[in-house]
Amino acid sequence: MIIAIDGPAASGKGTLAQRLADHFKLPHLDTGLLYRAVGWLAGQTGQTPAAAAAYLDAADLDNPALRTDEAGQAASKVAAIPEVRVNLLKFQREFAHQASGAVLDGRDIGTVVFPDADLKIYVTATPEARAERRFLELQGKGETADRVAILGQIRERDRRDTERATSPLTRAPDAILLDTTELGLEEQVVLASRWAALAMKPVRRPTLIYSFGSGFTRFFARWFLDFTIQGLDRVPRKGPLIVACNHISFWDPPLVGAHLPREMHFVAKAELFHNPLFGALIRSYNSIPIQRGAKSRSGLRGAEEVLTAGGAVLIFPEGTRNKSGELLQPRGGVGRLAALTKTPVVPACITGSDQIRRSMRRQVRIRVSFGSPVMPPRSENPERDEVRAFARMIMDRIRAMREEQEAKTWK
Ligand code: DC
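My aim in this report is to walk through the structure given alongside it, one point at a time. What you are looking at is a predicted structure, and each value in this text was computed from that prediction instead of being measured. (Residues numbered from 1 in each chain as written. Predicted model: local features only at pLDDT ≥ 70, side-chain atom pairs only at ≥ 80, totals over all residues. Heavy atoms only, no water.)

1. Overview of unusual backbone geometry
Move 1: Here A10, not a glycine, exhibits a phi torsion of approximately 60°, which is positive.
Move 2: Among the secondary structure elements, A10 is positioned in the loop between strand 1 (2-6) and helix 1 (13-24).
Move 3: Unlike most non-glycine residues, S167 shows phi in positive territory, near 40°.
Move 4: Mapped onto the fold, S167 is located in the loop between helix 8 (147-163) and strand 5 (176-179). (Helix = DSSP H or I, 4+ residues; strand = E, 2+ residues; numbered from the N terminus.)

2. Some thoughts on helix 12 (residues 276-284)
Move 1: Of the residues that open helix 12, the one with a side-chain oxygen 2.9 Å from the backbone nitrogen of L277 is N275.
Move 2: Downstream of helix 12 by one or two residues, N286 has phi in the positive range, about 60°. (Polar contact = N/O pair within 3.5 Å; in protein donor to acceptor, adjacent residues only side chain to side chain.)

3. Re the pairing of strand 1
Move 1: In terms of residue burial, strand 1 counts as a mostly covered element, since five of its five residues are buried.
Move 2: Of the two faces of strand 1, the one lined by I2, A4 and D6 and the one lined by I3 and I5 are each fully buried.
Move 3: Pairing analysis gives five bridges linking strand 1 to strand 3 (residues 102-106), with the strands arranged parallel. Following the sheet pairing, I5 is matched in strand 3 by D105.
Move 4: Looking at chain direction, strand 1 and strand 4 (residues 119-124) are connected through four bridges and run parallel. (Buried < 20%, exposed > 50% of the residue type's maximum accessible area, 1.4 Å probe, protein only. Pairing = 2+ DSSP bridges.)

4. Considerations on the packing of aromatic side chains
Move 1: Scanning the model with the defined rule gives five aromatic pairs in all.
Move 2: Measuring from ring centre to ring centre gives 5.0 Å for Y210 and Y285, while their planes differ by 20°; the resulting arrangement is stacked. Here Y285 lies in the loop between helix 12 and strand 9 (287-290) and Y210 lies in helix 10 (residues 208-224), a separation of 75 residues in the sequence. Accessibility assignment for this pair places Y210 and Y285 in one class, buried.
Move 3: Judged by centre distance (5.5 Å) and plane angle (15°), the rings of F220 and W251 are stacked. Taken together, the residues F220 in helix 10 and W251 in the loop between strand 7 (241-245) and helix 11 (252-259) connect sequence positions 31 residues apart.
Move 4: Note on F220: relative accessible area 14%, which makes it buried. (Phe/Tyr/Trp six-rings, centres within 6.5 Å; stacked < 30°, edge-to-face > 60°.)

5. Focus on the sheet that holds strand 12 (residues 366-370)
Move 1: Spatial ordering of the open sheet is given by 6-12-11-7-10-8-9, a layout of seven strands whose pairing is mixed. Strands at the two margins of the open sheet, each flanked by one partner only, are strand 6 (227-230) and strand 9. Strand-to-strand twist in this sheet, taken as the mean axis angle between neighbours without regard to direction, amounts to 25°.
Move 2: Pairing geometry for strand 8 (residues 264-269) and strand 10 (residues 312-315), over three bridges, is parallel. (Axes fitted to C-alpha atoms, helices over the stretch in contact; angles between N-to-C directions.)

These figures come from the coordinates and say nothing about function on their own.
Structure (structure tokens):
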């Protein structure tokens, strides 16, 4: 089990990583400390940073001098040296392999060190919020601190960490964005430990019908349609997941679902199950009925069950198939379901699927694209307004992807 936590300076990723490590009884490696130790050792011994990185051992990491801000700035400089990174890469991988798993935090864990991590989280907060935390931390230690200077240092470090050529600080496409500007540590731990616990569960094999159906759909799309898909690398492979897509055609669930790298479950209007034969057919293809209307909480129960078991659900936030071509105002369901089950949401966009025949004649290209995972609303039982705002935010992402797709179509 590898948990990868990345993020900028003072985002709180180290504290979160430590808490997760305690929770799951896994070793924790603060990889920033490695770069700090290299900078410090090089300074002390006169070795080049690359040489210091080659001989680093765990004992060097206990030095309190490494925790100072000067050590952090020095670390950020040696971290830009490719040889240093290569040497530390080995150290980090060995650390995790010696113990059958680990929690690692740093800048490039999810992108470079463990691109196949079971769970990737990218922790951020605004520079102001991070500076404020650092300020309070220093004040707590009885040190004098200057807010403006701290903010300046944080911005400087962000710039250096994101602009360097080797392994710059970037969010892995499939890392869940955890914005901690307004999220307390306990809330972060609750979310992240749930994602991790569910990502650890063994993935069950899809049913034969599902494998056949999705295989056939991929074959059909590949050979009979003008079809492209992008952003699959943004879809987390493990743990609970909601994929939220716009809906223009009956073809959307199979086309989107079949191309995703994991077994999907599909929410469908309860009415669709009224015909016994058709009902049985779509049920065997992982469809879950949702009841709309007043009892919306119980109406989502089927989807809730899948997500609490760590599965993935495809949902249409507009609540209905929409042939007008415009995106509709979303219903709250996606926000309510995400909040209730603490599930990250990947926005998805499909265009062209309402013109299947023309696509078969290569006159229309069907495009599907995915966005990076967004964290669920904060509270488990959010107010209506919060649920709506979340759904609108997801719809805005879908709209932005659609505009991108349309721009391509006309070029
Ligand atoms: O997280 P920290 O403040 O201890 O990190 C110190 C510096 O080390 C940071 O500015 C960039 C660098 N670093 C890195 O390049 N890659 C990592 N995985 C961790 C830290």
